[in-house]
Amino acid sequence: MNKIKELLKDDKSVLVFDIDGVLAILEFGEYNHYYASDEDWDLFLQSGNNLYTEDKVSKKMQEFLKDKDKSRVYVITTIGVDKEGEYKKDYANKYYGINPDHFFVTNRNQDKVKRLYEIKEKYPDIDDHHLIMIDDTPEVLTEIQNNTNFSTAHISSFLDI
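Source: prediction; values computed, not measured. (Residues numbered from 1 in each chain as written. Predicted model: local features only at pLDDT ≥ 70, side-chain atom pairs only at ≥ 80, totals over all residues. Heavy atoms only, no water.)

### With respect to helix 5 (residues 112-120)
- Three or more residues of helix 5 are buried, namely Lys-112, Val-113, Leu-116, Ile-119 and Lys-120. Down the axis of helix 5, the buried set is contained in an arc of 115°. They therefore lie on one face.
- Buried positions along helix 5 lie against strand 1 (14-17), strand 2 (73-78), strand 3 (103-106), strand 4 (131-135) and helix 6 (138-147). (Buried < 20%, exposed > 50% of the residue type's maximum accessible area, 1.4 Å probe, protein only. Helix = DSSP H or I, 4+ residues; strand = E, 2+ residues; numbered from the N terminus. Arc of directions from axis to C-beta. Contact = heavy atoms within 4.5 Å.)

Below, the structure is given as structure tokens:
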């Protein structure tokens, strides 16, 4: 039996969230999840356009996190440009109460594993499986599953938690 929901609810667990599609609803285009190519997206954000606003907040995730010990909640997100990281950090802090010091960025999804190890160093007394990466990208979750002893949770686990 899968125990991921038990771990997600366990106060000993350290929860690590992605932003896009996890803490930010992926509704950036009018009729699609994005409105442009990655290059156009990066240019738009770098030009000072912040799309990480209150309308992208997941009320379900906000409710899940409201009573969690924020000293055990982190973000690891992939960015294309520095401005995107600034917007996401502010968003995570303002709408989810995530400490800016608990916010990590990477330029490649594959680098999320390295960041997880950095977080784990802060919690030497917990079992590896109590560090959980929550993401919407199966490739990211599989990379973590295949190369660490950390737990993984797809965002769909929250549909009926």
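### So, the packing of helix 2 (residues 38-46) against helix 4 (residues 82-96)
- Contact pair helix 2 / helix 4: the axes reach a minimum separation of 8 Å and the direction vectors enclose 65°. Here helix 4 runs roughly perpendicular to helix 2, going by the angle between their axes. Between helix 2 and helix 4 lies a crossing whose hand is left-handed. Two secondary-structure elements touch here, helix 2 through Trp-41, Asp-42, Leu-45 and Gln-46 and helix 4 through Asp-82, Lys-83, Glu-84 and Tyr-87.
- Its residues assigned to classes, the contact of helix 2 with helix 4 comprises three nonpolar, one polar and four charged. (Axes fitted to C-alpha atoms, helices over the stretch in contact; angles between N-to-C directions. Parallel < 35°, antiparallel > 145°, perpendicular 65-115°, else oblique. Left-handed = near helix turned anticlockwise from the far one by under 90°. Nonpolar A, V, L, I, M, F, W, Y, C, P; charged D, E, K, R; others polar.)

### Concerning the pairing of strand 5 (residues 151-154)
- Where burial is concerned, the two faces of strand 5 differ: the one with Ser-151 and Ala-153 is buried and the one with Thr-152 and His-154 is not.
- Of the pairings in the sheet, the one linking strand 4 to strand 5 comprises four bridges and is parallel in character. Of the residues in strand 5, the one forming a bridge with Ile-134 is Ala-153.
- Regarding topology, helix 6 serves as the crossover connection from strand 4 to the parallel strand 5, and that connection is right-handed. (Pairing = 2+ DSSP bridges. Right-handed = clockwise from strand over helix to strand, strands pointing away.)

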